[in-house]
Amino acid sequence: MSIDRRHWMLGTAALLGGWAVDLQAQPADAAAAEAKAPPLPAVGASWPLPPLELLDGSRVEPRELDGKVVVLYWWASTCPFCAVTTPHLYAFWQRHRGRAGWQLLTLSIDRTPEAAQRYLQQRGYAMPCAWVTPQVQRAMPKPKGLPITLVRGRDGRILMAERGQLFAEDIDAIAQWL
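Calculation rules
- Residues numbered from 1 in each chain as written.
- Predicted model: local features only at pLDDT ≥ 70, side-chain atom pairs only at ≥ 80, totals over all residues.
- Heavy atoms only, no water.
- Phe/Tyr/Trp six-rings, centres within 6.5 Å; stacked < 30°, edge-to-face > 60°.
- Helix = DSSP H or I, 4+ residues; strand = E, 2+ residues; numbered from the N terminus.
- Buried < 20%, exposed > 50% of the residue type's maximum accessible area, 1.4 Å probe, protein only.
- Pairing = 2+ DSSP bridges.
- Axes fitted to C-alpha atoms, helices over the stretch in contact; angles between N-to-C directions.
- Contact = heavy atoms within 4.5 Å.

Draft legend 1. Inspection of the packing of aromatic side chains at higher detail. Taken as a whole, this structure holds five aromatic pairs when the rule is applied. Measuring from centroid to centroid gives 5.6 Å for Phe-92 and Trp-102, while their planes differ by 75 degrees, and the two rings are edge-to-face. Of the two residues, Phe-92 sits in helix α3 (residues 80-96) while Trp-102 sits in strand β4 (residues 102-108), which places them ten residues apart along the sequence. Across the pair, Trp-102 and Phe-92 agree in class, each one buried. An aromatic cluster of at least three residues, connected via ring pairs, comprises Tyr-90, Trp-93 and Tyr-125.

Draft legend 2. Focus on the sheet that holds strand β3 (residues 69-75). A sheet is described by the order of its strands in space; here five strands give the open sequence β5-β4-β3-β6-β7, paired in mixed fashion. Single-partner strands in this sheet number two, and they are β5 (129-131) and β7 (158-163). Averaged over all neighbouring strand pairs, the angle between strand axes comes to 15 degrees, with direction disregarded. Note: strand β6 (residues 148-152) against β7, five bridges, orientation antiparallel. From the neighbouring strand, Arg-152 faces β7, where its bridge partner is Ile-158. Contacting β3, β4 and β5, helix α4 (residues 113-123) crosses the sheet at an angle of about 105 degrees to β3.

Below, the structure written as structure tokens:
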């Protein structure tokens, strides 16, 4: 049986006690919230989307996403696994953004929207990003871990749900659903 490097790395990290989010590095309230976070949704589960205010001031309404594949990516500027994954996701978005029928929505869980904006600007990332407000968190709770990558199909059901660092080949595999 073959094991890909991503699953090998995740297994190694789990054995070493270094899962995707270091709860000791977070403030007590964030650590408590993370401890209560729901698990990843099951493939095939329905995933409704709330309205989202993007950092650029635009707004995404759920009805605009009906019939589209939606890639959702929760991240934080302080997350080392996000720092490795995000460039691959950004490159994927750059390659496929002109393609009809799909949408990338990144979701920052940074303490402030300014911290998220600063991070994106410093790295030259110009992809759609919302800051996770308490209202967004209530309507669409972030699953446990970080980063979180979900692919929601045209029918509103989960096609892929991954926690932790993704490599370029993992992200490139999303193209099968576009």
